[in-house]
Amino acid sequence: MPPGIPPFHTSPPRMEVMDIMSLFGVQAKRASRGWKWKELALGIAFISPAIIGFLAFTIYPVIMSFYYSFTDYNILQSPLWIGLENYQDLIKDDAVFRKAIYNTLYMVLIGLPIHLTFDFLMALLLNTRIRGRSLYRTIFYMPSITPIVATAILWLWIYNPQYGLANSVLKALGLPTIGWIADPFWSKPSLIFMGMWYGGNTILIYLASLQDVPNELLEAAELDGANAIQRTWHVTLPMMSPVIFYTMIMYMISYFQYFTEAWVMTAQRSGAAGGPLNSLMFYTMYLYQNAFQFFKMGYASAMAWILFLIVLAATVLLFKTSGWVYYRSE
Amino acid sequence: MTGAQSITTRQRGWLSSRRNQERLKLGFAYFICTAIGLIYIFPFYWMLATSLKSDQEVFQWPPAWIPAVLHWENYPAALNYIPFWLYMKNTFIIATLSVIGTVISCTLIAYGFSRIRWPGRDIVFIAYLSTLMLPFQVTMIPLYIVFRNLGWVGTYLPLVVPTFFGSPFYVFLLRQFYMTIPNELSDAARIDGCGELSIFWRIMIPLTKPALFTVALFTFLAQYSAFLPPLIYLTDQKQWTISLGLQMFKNMYGLQWQKMMAASTLTMLPPLVLFFFTQRTFMEGITLTGIKG
């Protein structure tokens with residue numbers, strides 16, 4: 001801020017403004033009210049792209065999607081109202097749907113905690129007085145900017161049961177080899193492991209937040225006789241809890257929408273996808289297939305709404321149980 | 001007996017020294033970080049190594065950790081398998097247009113949400129942010145039908161036009177930046193007769209250039225690696241992005257790993273080069289956003 005300009009609230013506005021206001025019979029005292037209307041119009045003008053975007057790309061599609069979910073709709077003919085049939089079929093008769101829910105929940109309930117715990121521990125290690133921290137940061141961050149399709153193809157090669165790097169390492173160590181993504185049991189853990197590789201950017205988020213933990217608190221705890229684990233549990237973790245909570249929400253939503261990696265790794269030329277015994281058929285993959293391969297738009301819309309409700313419920317649940325999140329009052 | 005006792009006490013003494021504890025901790029940190037760092041780097045090396053191997057070497061046991069002869073010809077061969085440069089060009093066009101759209105719209109929207117004190121602003125902002133929680137899948141089908149009716153399927157328009165109407169996430173990020181700029185600055189300009197647009201253009205934009213750069217970078221990378229939207233909308237092979245092209249490459253020539261790795265290496269190169277030139281922006285951005293580009 002250039003010197004010599006007094007803050008607005010300590011000095012009255014310039015005379016010109018007051019003169020103009022008085023032309024319209026506005027008293028100095030009421031000026032603030034007049035300004036608010038002007039500011040409302042200005043604010044709306046600035047956010048107008050968001051308003052249009054919100055109406056056109058959010059509200060309208062959400063309403064239409066809700067409507068389509070009660071119809072039989074193949075795009076070519078107009079939608080035919082069939083009530084709750086899509087939902088009933090999905091829940092009662094669709095084995096692939098159930099499998100897709102199971103696989104997706106697997107990623108959310110097992111993959112997500114592993115991923116975030118690992119990233120947190122790595123951040124703790126990097127937060128010691130280690131030298132070359134910026135080099136490590138670069139190394140852990142690099143995979144996360146690689147395009148997902150290229151990453152998935154690279155890991156498809158690494159996980160190749162016969163010639164892949166993963167099995168070569170196991171063999172070199174004298175361990176039994178496994179089928180990785182070709183094996184229904186190991187396929188999802190394989191994806192979780194791969195996800196940790198290109199999800200290393202979370203390490204940096206945690207590291208940045210670790211560096212914000214006040215040293216006085218840690219020193220005070222140490223003086224009181226708390227050991228490293230106690231300090232981490234009782235000081236560091238609570239101080240970082242808002243960031244951890246934020247990453248939990250964001251990653252949960254994105255794990256529920258898991259698609260590209262599994263699609264690239266399992267999709268065949270024929271359009272079939274899902275891997276061995278559908279063990280990599282994730283929710284969005286099946287939704288995509290229904291919509292754009294089978295042209296069951298109504299059915300796919302019902303799936304989208306079920307996903308939405310699940311994500312919403314999970315988010316509400318996380319917020320309801322967020323008593324452990326500690327917000328510093330500053 | 002006494003000897004053993006003195007050793008344990010000496011050991012206890014060694015460990016109870018704060019400095020040695022520190023040392024042990026640091027040694028452990030170095031060991032784990034380096035080991036995991038190597039695991040992080042190795043896939044990149046493996047990709048590069050495979051891309052330079054001969055056909056036999058790819059399938060040989062024990063694996064050739066270093067290719068005996070560097071088969072650079074895999075690269076031109078990979079480029080001829082798919083119209084690589086065409087797909088790169090398409091990707092860059094889509095990504096660049098999206099960057100323009102996102103930066104223009106998000107700066108304006110973020111300004112409206114942060115620098116102008118209008119009634120109801122913060123409630124509207126929270127409502128706007130909450131759309132982040134809406135899965136893309138919910139809007140995907142109706143939007144496809146709308147764009148289909150407009151005749152936009154098979155063009156770049158469905159991928160690019162929405163970026164001109166803002167993205168809650170980047171609005172949030174920019175708003176964070178705008179909030180840090182003292183109000184007195186724009187108030188002073190306002191008193192001096194500056195219109196809102198000129199405050200925006202002359203004060204806010206120059207002061208928040210790093211933030212704009214972050215948004216531009218992340219948008220570019222997100223579009224560069226986007227898969228599902230192009231998969232839905234780019235029906236004509238001539239318009240495909242590099243991600244779609246790579247996926248087709250995999251389906252058609254799946255067993256030629258050396259060429260696939262060459263193509264993957266080339267695809268990863270632009271983001272990595274961009275990253276090395278703009279590391280600072282990345283590191284600042286990541287702590288603010290917490291998402292991948």
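It should be emphasised that the depicted structure is a prediction, and the values quoted were computed from it without experimental measurement. (Residues numbered from 1 in each chain as written. Chains lettered and ligands numbered in written order. Predicted model: local features only at pLDDT ≥ 70, side-chain atom pairs only at ≥ 80, totals over all residues. Heavy atoms only, no water.)

## So, the packing of helix α5 (residues 84–114) of chain B against helix α12 (residues 209–225) of chain B
All names here are of chain B. The cut-off we apply is this: Orientation is described by lines fitted to C-alpha atoms, with helices fitted over the stretch in contact, and by angles between N-to-C directions that extend from 0 to 180 degrees. Only DSSP runs of H or I covering at least 4 residues are called helices, and only runs of E covering at least 2 are called strands; the numbering of each starts at the N terminus. Handedness of each helix crossing follows the sense of rotation of the near helix against the far helix: counterclockwise by less than a right angle gives left-handed, clockwise gives right-handed. Whether two residues are in contact is decided by their heavy atoms: any pair within 4.5 Å suffices. Just so you know the grouping, Ala, Val, Leu, Ile, Met, Phe, Trp, Tyr, Cys and Pro go in nonpolar, Asp, Glu, Lys and Arg go in charged, and all remaining residues, Gly too, go in polar.
One can describe the packing of α5 onto α12 by two numbers: an axis separation of 8 Å at closest approach and a directional angle of 145°. The chirality of how α5 crosses α12 is right-handed. Where α5 abuts α12, its residues M88, T91, F92, I94, A95, T96, S98, V99, T102, V103 and T107 lie against L212, V215, A216, T219, F220, Q223 and Y224. Tallied by class, the residues present in the contact of α5 with α12 amount to 11 nonpolar, seven polar and no charged.

## A look at the interface of chain B and chain A
Let me state the cut-off plainly: Buried area, as used here, totals the accessible surface that two parts lose on assembly, with accessibility defined by a 1.4 Å probe and the loss added over both. Any carboxyl oxygen of Asp or Glu within 4 Å of a side-chain nitrogen of Lys or Arg constitutes a salt bridge here. Polar contact is the term for a pair of N or O atoms within 3.5 Å; when the atoms are in protein, one must be able to donate a hydrogen and the other to accept it, and sequence-neighboring residues count only if both atoms are side-chain atoms.
At the interface, 102 residues of chain B touch 105 residues of chain A. Summed over both sides, the interface between chain B and chain A buries roughly 9,500 Å², with carbon and sulfur atoms accounting for 78% of that surface. Counting across the interface, chain B meets chain A through zero salt bridges. The interface formed by chain B and chain A includes 10 residue pairs in polar contact (both at pLDDT 80 or more).

## A look at helix α7 (residues 136–149) of chain B
Residues and elements named next belong to chain B. Selection rule: One fewer than the residue count of a helix, multiplied by 1.5 Å, yields its expected span. What we call the bend at a residue is the angle made by axes fitted to the seven residues finishing there and the seven residues starting there. Only protein chains enter the accessibility calculation, which uses a 1.4 Å probe. A residue is then buried if its area is under 20% of the maximum for its type, exposed if over 50%, and partly exposed in between.
The terminal C-alpha atoms of α7, which comprises 14 residues, lie 20 Å apart, in line with the 20 Å expected from a rise of 1.5 Å per residue. The sharpest bend along α7 reaches about 25° and sits at P142. Judged by how many residues are buried, α7 sits mostly within the fold: 10 of 14 residues are covered. Within α7 the residues assigned to the buried category are Q137, V138, T139, M140, I141, P142, L143, Y144, I145 and F147. Just downstream of α7 lies G151, where phi reads positive at about 75°.

## Brief notes about the layout of surface pockets
Defined as follows: Definitions used for this entry: grid spacing 1 Å over protein atoms alone; cavity, a set of points where a 1.4 Å probe fits but cannot get out; pocket, an open set with protein on both sides within 12 Å along at least 5 of 7 lines; lining residue, one with an atom within 4 Å of a point. Grid points are joined across faces, edges and corners, and a volume is the space filled by probe spheres set on the points.
The computed volume of the second largest pocket comes to approximately 1,800 Å³. Surrounding the second largest pocket, 49 residues form its lining, L124(A), L210(A), A228(A), T232(A) and T236(A) being those nearest its centre. Looking at the lining of the second largest pocket, the elements that each hand over two or more residues are α4 (95–126), α9 (201–210), α10 (215–223), α11 (228–256) and α14 (297–320) of chain A together with α2 (18–51) of chain B. Ranked by residues supplied to the lining of the second largest pocket, first place goes to α4(A) with 13 residues.

## So, the packing of aromatic side chains
Note the following rule: Here is the rule: rings of Phe, Tyr and Trp (six-membered ring for Trp) pair when centre to centre is within 6.5 Å. Planes less than 30 degrees apart are stacked, more than 60 are edge-to-face, and the remainder are tilted. Two thresholds decide whether a charge sits over a ring: the Lys NZ or Arg CZ must be within 6 Å of the ring centre and within 35 degrees of the ring normal.
Evaluated as defined, the whole model comprises 57 aromatic pairs over all chains. Plain terms: the ring middles of F245(A) and W324(A) are 6.0 Å apart, the flat faces sit at 80° to each other, and that makes the pair edge-to-face. Of this pair, F245(A) sits in helix α11 while W324(A) sits in the segment after α14, placing them 79 residues apart in sequence. Their ring planes at 75° and their centres at 5.0 Å tell us that W263(A) and Y288(A) sit as a pair that is edge-to-face. Residue W263(A) is found in helix α12 (residues 260–266), and its partner Y288(A) is found in helix α13 (residues 283–293); the two are separated by 25 residues along the sequence. We note that W263(A), like Y288(A), is buried. A network of ring pairs unites the aromatic residues F57(A), F259(A), W263(A), Y288(A), F292(A), Y144(B), F147(B), W152(B), F165(B), F227(B) and Y233(B) as a single cluster. For K188(A), the ring lying beneath its charged end belongs to Y106(A), and the centroid distance is 5.1 Å. Here K296(A) stacks its cationic end above the ring of Y299(A), 4.4 Å away from the centre of that ring.

## So, the domain arrangement of chain A
Residues and elements named next belong to chain A. Note the cut-off: For every domain, the bounds stem from an assignment made automatically or drawn from a database.
With domains assigned, chain A is organised as domain 1 (13–68) and domain 2 (86–324). Listed per partner, the contact involves four residues of domain 1 and four residues of domain 2. Summed over both sides, the interface between domain 1 and domain 2 buries roughly 400 Å², with carbon and sulfur atoms accounting for 59% of that surface. Of the residues in the side of domain 1 that touches domain 2, the class split is three nonpolar, one polar and no charged.

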